[in-house]
Every structure is written in structure tokens, then in C-alpha cells.
Amino acid sequence: MRIRCLMLAALLALCACFSGCLRDTGIDQYAYVSAIGFDRGEKLPYKYTCMLHRIDYQSGQSRLAGAEIVTAEGSSLFEAINTLSASLPLQLSFVRTVLLVAEHSLLSDDTFLRQLINTALPSLFIRYNASLFVSLSSAEQVLRGLHTELDPGLVKMQENFTTYSKDTGLIPMVNLMTISESFADGAFDIAAPLCGVVSDSPGGMQDSVGEDPYAYLGGNLHTVTDMDTEIAGAAIFSGGRMVGTLSGQNTQLLQMAVGEFDRAHVRFGSAQAQEIDILLKRRSKTKIILSGGERPVVTFQIRIAAFIEQPDMFPGMRAEQAEEWIRSVLEQRYLRLYAACRSLGADVFGIGTEMALWCNTAEQMESLDVKAVYAQTEAVFDIDVKLTNAPDTSAIE
Amino acid sequence: MNLRQGRIGNQEAIRLAILIGVTNSAFLIGRRESFQTGNQSYLSVLTGAAVSLVVFLIAARAMQRRGCGNLQELYADALGTVPAMLLGLLTSMLFVSSAALPLVRVLFTLHRYIFVDSGVDMLAIYVLIALLPLTLFGLEALGRTAKMVCVPVLAAFLLMILLGLPDYEVYRLYPLIGGGTVSLLLQTGIAVLCFLPQLMLLLICGRGVHGAGNAARLGGFATAIGGGFSVLLQLAIGMVFSYRELGRMYSPVYQLVMSVRGGWQMRLDKILLFIWVIGILLGAAALLYAASLQFCLSFRLRDVRPAGAVFSCVCTALVLLGHEPYAHVDLAVTVLLRFSGLALIGLLLLPSLFSFFRKERRLCESAV
């Protein structure tokens, strides 16, 4: 009986394996699309750029060979794929697509994203954890700029972006599942990472909050690297339409408020008007409390630990005074950020998700005008800062 | 006599029942129309499991009281030989449809997300290849294979629940118990279909699980564990997808593993899906075997294999039919989903009530 059971288990496992060979197409006959870039086309409405990888079967190992970039124009994604398929000796597969880059002008209304979510993606079987990036330069340039000698592979790169987002707070991360939920529920708006290639002023975009002489924005950073593409800041949306941008500094605040933040070096203007960085770490999960009434108030309870790496910038200041100074600077910047987002109608703080808790029936949920309530909602930022070192001594002391 | 029943131990029986309950609830609960007015699936699973257990315990008690060794004997004892044959036939048919319904969803998931370019008919061949020998080998082989497969299948579901942890949000469960009582009752009917068939299987194979008394005990354990696990699963799905999103999805369980953030989990979805497929095929085969055994006991046939082979083919045909884009097929699936559970409840309660009016009679131990 034991042998019979083992045979049955083996048979079940074999059946699962057999079903992988329903067609005679070998895995080396596929070209895997790792990333897709979306731009406005010259002749047709859209220009699509695909970063392709192939299985390197000649090396005898199941690994991806180097990337290749191809472009096609079309009135829809399907048309572009058909055009590409006709010119390539390979079959295109989207099962490994992890990155979607959209040029910012495509997002001036919600048509593009809605089409992408509602029609193209369910038919192309792109995974719902694929990340969306908004490009201030052309998406084709961004994809070409990601191509380096290091060639870490896009899956690895996506993982690194997620870690980067958590560890610096300079970019938010958004995937197709979140975008789909945002469209289906309308309970919150998305913030997508911004990218661009090095140029003087890519896309002519500025931070929507303003007042920062050196705003970290993709393509505007003073850096020189092997990769031309820079990623910093956030594109903020209202109902699927891009309505503004946030610099990396403001994105850090946003990430801290929505709980998608572990630690970051945040730039503060010091008392002597010198720029200093303070390392902030999350002490506990941010709480968002929304109280109803004619004038709703949302309270963000943010608990952070601060570590001053340049204590000589605070001469004669006690720990309590430094904590109060950090708290007040953060509060002012938060209020500016909240006011800017609210004026743009972008509920990137996710206040609408708290409104869902008011609803007992689907009718109430459907009739709830999240945007109207958000426009009325005032914010209180209850920030508690604990210094992990005294400002009048160095870290070593 | 080749009924292929034999006897299985407590662990085999419990794990077989858990396996069927969890895999069925993972794939059957959550039809798109169930989420029009809110997500109640986690609650309906709980009520469905509770209703199934109560009905099952009543029937098991009736069998004990009248000294019946299996469900067919209860039918015959309560209603007489000819009505018992009809009830037996109806039970067999409902079991075949109960085996087919989750397979329709599984085949859809395989076709839509994995084997995009292949036809459903090509995939169904592999379902038949798996179902046929499993059904023909009988209860002992099924029970012992379930003993091996159950833990990996549950671990795969648990891994799915853990992978979703960073994305869980309570607000997605709102409106809580949206849809009201009618919607909850309809969904409870579907949940009954997830939990009652395997409990009935224990009664049909009463002698194989050492009598109705032992079956009642095993059924209680299996429903508590399987039901609890299924509630957890539905809560996890509900905290990742809002009811509006669930209303547009075909396979929330698989969508959940597809949506986890990048990295090493990237290709885990297919591995998990195939582990679940193994579990669901085994569960379907067990139900088909129970249908065959019930059919043989009803019509006093001595060999379960022809019936098993026929039911496997019928089940595969039903699975294929479930993919036909015709309105009447969709209607038939909806009717089966909503009312099969109710019919199964009737098939257990009716003879049980009749038997309670009769004098208590116990079977001697040697006959069990």
C-alpha cells in the first residue's frame, strides 16, 4: 500500500509536470519583456519601448542573456506587440515584466492608466506586482539609461528600488495591484516614483510644494554614475491623473506619514542657516485617526527617533530643545505638504481609506464622496521625536 | 466484491476531509457576484462549516441509533429500498458535481494564468489522467495519499497568507457584513458545498472509517481545523482585496500570490498553485470515489471501478462544460453552486428525521 501511495503521489506530480509541455515552443524561443516604456509616438498615438531578455541556452544555464531594447509605435499596446512580433524571430512573453515606465505627459488625464489596467494588462498577463515609474524624460531614454555594464537584471533592480524606498524614503513604490485598487475603490490616490535621465531640466517639472533650493528630482540631481537614469521624488495622482510632483525631501515626509518608511537622512535647515542632515528612524507604525463631523480632522501620530550626526551644528542646545526644534520643523513642512496635496486633490496620504471605516453598507460606500470630504479635512501632525544622542556631544563621545 | 473500500485510520480520514474542505473553500468561495454588496466570505465560511457540522452530526447520530454501517443503509432503513435507491443516485450525482465545481475554477486559473496558449480541452486531459487512477485505487490509497499531501497543501496556503502580510489593511473588509442576511444565506449555501461533501464521504464510507460514531468524531475535528483555516484564508484575501476588486476577479487566491512584492517570491506563485492543484485533484478523486461507492451500494453492484471510471469521465466533461461561454451553462453552474448544498442538507436531514421516529437499534460490533 505504501508503494501504491508513493506511486500515486508521483503520478500527481508528473501530471503537473506534463502540463508544461502542451506546445512545442522551447523556452529559448521566447523573448521575455522585462520592462515596457510608454511615450507619445511621432506617427501613431503611442510609442512603446520594450526591454527584452532571452534565456541563454548556449551557456547551458537557465539564466537570462543581456538586455536588448526594441521600440514600436501603435495606437494600442496590442498593435505595437503585433508589429514587434512580426519583426522579431521570437515570441514575446510578458510573464517576467517587472517595470513599467510612463512618460509624464501621457498621464495628464486618466485615460492611459485606465486602458492599461482595464484592457491591456489582464490580456497580456503582466504580473500585478510590476512597478510603475513616471518619467520626466522620454521612457525610451530612461530604459536605455538603466542599461549598464553591471547588468543586475530588472528583478534584482526592482528589489533594490523597494529597499531604497524603505531605507531612504526618497521614492514611493507603487505596483499595478495598488493602481488597480485605487481605480476600483477611489479611496486613495497613488504616488509613483519619478525618474529621468540627466539633463538640465527634464520635463520642466518642479516640486509642487516648492521652497527647496535643491529639490531631489529624477534627472535633476548633481550626480555622475554609470547609469544615466536617476530616480528620486514622486509623481502624485488624483483619480488616475498626474497632478503634481514631490521632491525627494517631501517624498520622505509622505513615506513617513503613510508608514512606508524605516529610516532616512532628512535634510533640515539649521539654526545658523546651514544645511544639516539628521537620521530619522521609525519608532512605531504611524497611526492615522480620522474624526468625522462638519469639519473632519485627520491626526497623524508619527513616532520617530532622531540621531544628530553633526552635533556641532547645535552649540549650547539641550536634547529637549533639539527635539522640539526637529519636531517644529517637521510639523511646518508637513502642513505645507498636506496643503499642497489637498489643493491638488491628491489623497496620497490615504485619508479616504479611513473614511471607509464609517460605512456600514455598500450603498453608503458607493455614495461617499471621498474627494469632497478630503477637501474639507484639516490635518494635525502629532510628531514625537526622541533623540538617541545629545546634540552637544559627538556620536563617539 | 471489489468496492475498494478497505479501512483507513483516523489521521487519514481527518486529513482527507481537511484537504477537501480547505481546497474547495479556497477556490469555490468568492464568485464574482458574491461581492456585489460587500465581502462576507470569511463569515459565510464559518456559518457554512457550522451548518454542515450540525447536519452531519444529526445524520451520524441517526446512523448510530439505527445501527447503520453507511449512508445507504440509513436511506434504506428510513425510507425503504426503492426511495433509498433514488436518494443514493441523487447523492452520487451531487457528489460528481461537487467534485467538478472547484475543478472548473482551477482549470480556469491554469488556463488563464499559466497555460495561456493551450486550450482548456488539452488541460482537461491531464485532469482526467490524474482523476481516473486515483478514483479506481479506492479509499485506502486516497486516505494514505491525503495523509502525505495534506500538510504540504496547508503549508502552501499558510505561506500565501504570510506572503500577503505587508499588504493587509483592515479597511478593505468594510462594509463589514455588507449585503445583509439574504446575501449571507446565499453564500452560506456555497460554503456548505465546501464542507458537507467530505463529511458525507465519511458517512458513505462508514465502514471504512470504523463506523458512524468514529466518523462523527473525525468529522468534528476535520471541520474545526479545516473551517478555521478557511476563515483565516478568506480573511487574508479580504484584507488584501476590497470587495469591489474581488467583484472583478476570477481567482483571488492566485491573484494574491501573483501580487506579492518582487524578489525571491517572484516565481513562487506557480509552485504554490501546483501544490494546490495536487490537493484539489486528490479531493475531487475522493468525492468521485464516494459517488461511485454510493452508486454501487444503492444498486447493489459489486465492483466500484466501472462506476468510478464513468464518473471520472463525467466529471471531466462537466469541467469542460463549465468553460463554455453559454448563458444556460452559467445558469446551471450558479444553480448548482447555490442549491447543491441545500440538497445535500436535505439528503441527510430527511432520512435522519424518519429514523428518529423509529425505535433505537444498535448494530453488533462485529458488523461495523
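Whatever comes next refers back to the structure up there.
Across the boundary between the two partners, chain A contributes 46 residues, which contact 50 residues of chain B. At the boundary of chain A with chain B, total buried surface from both sides reaches about 4,500 Å², with 63% on carbon and sulfur atoms. Between the two partners, chain A and chain B, sit three salt bridges. Of the charged contacts in the structure, one is a salt bridge between Arg244(B) and Glu366(A), with a shortest N-O distance of 3.4 Å. At the surface where chain A touches chain B, the tally comes to nine residue pairs in polar contact (both at pLDDT 80 or more). The element best represented in the side of chain A that touches chain B is helix H1 (residues 2–18) of chain A, accounting for 11 residues. Each residue belonging to the side of chain A that touches chain B can be placed in one class, and the counts come to 27 nonpolar, 10 polar and nine charged.

Let us now look at the environment of Ala191(B). Residues and elements named next belong to chain B. Considering the arrangement of structural elements, one finds Ala191 in helix H7 (residues 180–204). A sequence separation of 167 residues divides Ala191 from Asn24, and the C-alpha atoms of the two residues are 8.9 Å apart. Look past the residues within four positions of Ala191 in its chain and what remains in contact with it is Ile29, Ser44, Val45 and Gly48.

All names here are of chain B. On the surface, Val54, Ile58, Leu353, Phe356 and Phe357 cluster together into a nonpolar patch covering about 490 Å² of accessible area. Every element with two or more residues in the nonpolar patch is listed here: helix H2 (41–66) and helix H13 (327–356). Locating Phe356 in the fold gives a position in helix H13. On the basis of relative accessibility, which here comes to 32%, the residue Phe356 falls in the partly exposed class.

Let's shift gears to unusual backbone geometry. Residues and elements named next belong to chain B. Tyr174 connects to Pro175 through a cis peptide bond whose omega is -5°. Of note in the backbone geometry, His210 takes a positive phi value of approximately 70° without being a glycine. Within the secondary structure layout, His210 lies in the loop between H7 and helix H8 (211–240). One non-glycine residue with positive phi stands out, namely Arg300, at about 55°. Within the fold, Arg300 resides in the loop between helix H11 (268–298) and helix H12 (305–321). Residue Arg300 is classed as exposed on the basis of its relative accessible area, which comes to 64%.

For the rest of this paragraph, the subject is the packing of helix H1 (residues 10–28) of chain B against H11(B). Residues and elements named next belong to chain B. Across the interface, H1 lies against H11 with an axial gap of 9 Å and an inter-helix angle of 115°. The crossing of H1 and H11 is left-handed. Residue-level inspection shows Leu16, Leu19, Ile20, Thr23, Asn24 and Phe27 of H1 in contact with H11, the latter providing Leu273, Trp276, Gly279, Ile280, Leu282, Gly283, Ala286 and Leu287. When grouped by side-chain class, the residues that make up the contact of H1 with H11 number 10 nonpolar, four polar and no charged.

The next subject is H12(B). Residue and element names in this part refer to chain B. An ideal rise of 1.5 Å per residue puts 24 Å on 17 residues; H12 measures up with 24 Å between its terminal C-alpha atoms. Within the sequence span of H12, burial applies to Ala307, Gly308, Phe311, Ser312, Cys315, Thr316 and Val319. Projected down its long axis, H12 shows its buried positions confined to an angular sector of 165°, all on one face.

To continue, consider the packing of H2(B) against H7(B). Residues and elements named next belong to chain B. At their nearest, the axes of H2 and H7 sit 7 Å apart, and the two run at 40° to each other. Classified by the interaxial angle, the pair formed by H2 and H7 is oblique. In this structure, H2 crosses over H7, and the sense of that crossing is right-handed. Here the contact of H2 with H7 is built from residues that sort into 17 nonpolar, seven polar and no charged.

Glancing now at the side chain of Ser183(B). Residue and element names in this part refer to chain B. Looking at the element boundaries, Ser183 is found in helix H7. A relative accessible area of 15% means that Ser183 is categorised as buried. A polar contact of 2.9 Å, which involves the side chain of Ser183, links it to the side chain of Gln40. Beyond its immediate sequence surroundings of up to four residues, Ser183 is in contact with Thr37 and Gln40.

All names here are of chain A. By the definition in use, this model includes 18 aromatic pairs over all chains. Aromatic side chains Tyr334 and Phe381 sit 4.6 Å apart centroid to centroid with 15° between the ring planes, which places their arrangement in the stacked category. Note that Tyr334 is positioned in helix H8 (residues 319–344) and Phe381 in strand S14 (residues 378–387), a separation of 47 residues in sequence. In this pair, the class of Tyr334 matches that of Phe381, namely buried. Between Tyr338 and Phe349, the aromatic rings sit 5.5 Å apart at their centres with planes inclined by 55°, giving tilted as the arrangement. Placement of the pair is Tyr338 in helix H8 and Phe349 in the loop between H8 and helix H9 (351–355), with a sequence separation of 11 residues. Of the two residues, Tyr338 and Phe349, both sit in the buried class.

Right, let's get into the environment of Phe161(A). Note that Phe161(A) resides in helix H5 (residues 154–168). Along the chain, Phe161(A) and Met242(A) lie 81 residues apart, while their C-alpha atoms are 21 Å from each other.

Here we come to the pattern of salt bridges. Residue and element names in this part refer to chain A. Overall, the coordinates contain 23 salt bridges over all chains when judged by the stated rule. For Arg282, the salt bridge is made with Asp262, and the minimal N-O distance between the two is 3.9 Å. Placement of Arg282 in strand S11 (residues 275–282) and of Asp262 in the loop between helix H7 (248–257) and strand S10 (263–269) is noted, with a sequence separation of 20 residues between them. By relative accessible area, which is 34% here, Arg282 ends up partly exposed. Asp262 sits in the partly exposed class, given a relative accessible area of 31%.

Rules used throughout
Residues numbered from 1 in each chain as written. Chains lettered and ligands numbered in written order. Predicted model: local features only at pLDDT ≥ 70, side-chain atom pairs only at ≥ 80, totals over all residues. Heavy atoms only, no water. Contact = heavy atoms within 4.5 Å. Buried area = accessible area lost by both parts, 1.4 Å probe. Salt bridge = Lys/Arg side-chain N within 4 Å of Asp/Glu carboxyl O. Polar contact = N/O pair within 3.5 Å; in protein donor to acceptor, adjacent residues only side chain to side chain. Helix = DSSP H or I, 4+ residues; strand = E, 2+ residues; numbered from the N terminus. Nonpolar A, V, L, I, M, F, W, Y, C, P; charged D, E, K, R; others polar. Patch = residues over 30% accessible without salt bridge, like charges linked within 9 Å, V, L, I, M, F, W, Y side chains within 5 Å. Areas by Shrake-Rupley, 256 points an atom, 1.4 Å probe, with all protein chains shown as cover. Buried < 20%, exposed > 50% of the residue type's maximum accessible area, 1.4 Å probe, protein only. Axes fitted to C-alpha atoms, helices over the stretch in contact; angles between N-to-C directions. Left-handed = near helix turned anticlockwise from the far one by under 90°. Expected span 1.5 Å × (residues − 1). Arc of directions from axis to C-beta. Parallel < 35°, antiparallel > 145°, perpendicular 65-115°, else oblique. Phe/Tyr/Trp six-rings, centres within 6.5 Å; stacked < 30°, edge-to-face > 60°.

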